[in-house]
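# Residue-level structural notes
The chain contents come next:
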Amino acid sequence: MDVKKTLIAGPCALESRLQLKECVSELKRWKIPIVRASLWKPRTLPKWDGIGDEGIFTLLEETLPHGIIPATEVLIPEHVQKLTQALKEYDSKSEVLVWLGARNQNHLIQQEIAKLISLSEHKIHLLCKNQMWRDQTHWESILDHALAGGLSKSRFLFCHRGFSKGINSSSGLRNEPDFEMAMSVKKNKRAPMLLDPSHIGGNRENTIKILEAALQWDFDGFMIEVHSNPGIAKTDRDQQLSLDEFSFVMEKIFKVESSKEGVRLGKASV
Ligand code: PEP
Ligand code: MN
């Protein structure tokens, strides 16, 4: 058996060069292969929505020289074009990961983004979060739309971030996971399934609990929010793990995973 976990960690949003630098120095210690720091942020209310275009080079410069793959959410095809243009100027061989968030379920956008990725000379991976509502057919079809746009399946990853809660939910979570459905999507579509415990948990304590529970399931990796000073984070302040909490979580992951035969951690399987 040779299982590889894809580990993605980093702040919810890129806020400054210093913030990313501080985070990367801790993530490097754990050999995290992919660092997230979103440039563009979808917001429930019209507030600060990311550093945007002006952070593109900061993201590349603070990750690629360390051998780390940078990752950001993209909302519209233009974001992929801007990233691709910057990659051309920066270093033609760089790999990046972009993701489509739970709110971004327009299949024309999914297809257009997939098409841009497939036409790019760079190795761009596409991770897609599940939609907000609980519907397995819709979830599985996200992959079909990406493939219809021309994406190579080897570049695609699913990521479970929970579903919106029912009105009477007493879970205390921000979103509710369905581990069983995630495993069924993974099996039916034969594609890697990651878990994002941060957007399920909604706070640090829940995030850690969800991650521990998820270690009992066959997820192919995790995407975890971590911030060097969560108390002043501009987005998702309650759920981003501190650097110490992140170390605690990583020790847990290593302990559980290294007890499974053949598991390799800290290595990108993308
Ligand atoms: C995020 O990853 O920061 C994000 C906005 O996630 P989601 O789309 O799952 O809400
Ligand atoms: Mn977030």
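Refer to the structure printed above.
Residues numbered from 1 in each chain as written. Chains lettered and ligands numbered in written order. Predicted model: local features only at pLDDT ≥ 70, side-chain atom pairs only at ≥ 80, totals over all residues. Heavy atoms only, no water.

### Regarding the site of ligand 1
Around ligand 1, the structure places C12, R36, K41, E73, W99, G101, A102, R103, K129, R161, H199 and E225. Side-chain polar atom of R161 to an oxygen atom of ligand 1: 2.7 Å apart, as the coordinates give it. In isolation ligand 1 offers 300 Å² of accessible surface; the protein chains occlude 98% of this area. Counted by class, the shell around ligand 1 contains three nonpolar, two polar and seven charged residues. (Near = heavy atom within 4 Å. Polar contact = N/O pair within 3.5 Å; in protein donor to acceptor, adjacent residues only side chain to side chain. Areas by Shrake-Rupley, 256 points an atom, 1.4 Å probe, with all protein chains shown as cover. Nonpolar A, V, L, I, M, F, W, Y, C, P; charged D, E, K, R; others polar.)

### Structural notes on the pairing of strand 5 (residues 123-129)
Within strand 5, six of the seven residues are buried, which leaves the element mostly enclosed by the surrounding structure. Relative to strand 5, strand 4 (residues 95-100) runs parallel, the two sharing six bridges. Residue W99 lies in a different strand from strand 5, and its bridge partner there is L127. Crossover strand 4 to strand 5 through helix 4 (residues 107-119) is right-handed. The sheet contact formed by strand 5 and strand 6 (residues 156-160) spans four bridges and is parallel. Counted as the bridge partner of L126 is F156 from strand 6. Assessed by its sense of winding, the connection that carries the chain from strand 5 through helix 5 (residues 136-148) to strand 6 is right-handed. (Buried < 20%, exposed > 50% of the residue type's maximum accessible area, 1.4 Å probe, protein only. Helix = DSSP H or I, 4+ residues; strand = E, 2+ residues; numbered from the N terminus. Pairing = 2+ DSSP bridges. Right-handed = clockwise from strand over helix to strand, strands pointing away.)

Function cannot be read off these values alone, since they describe shape.
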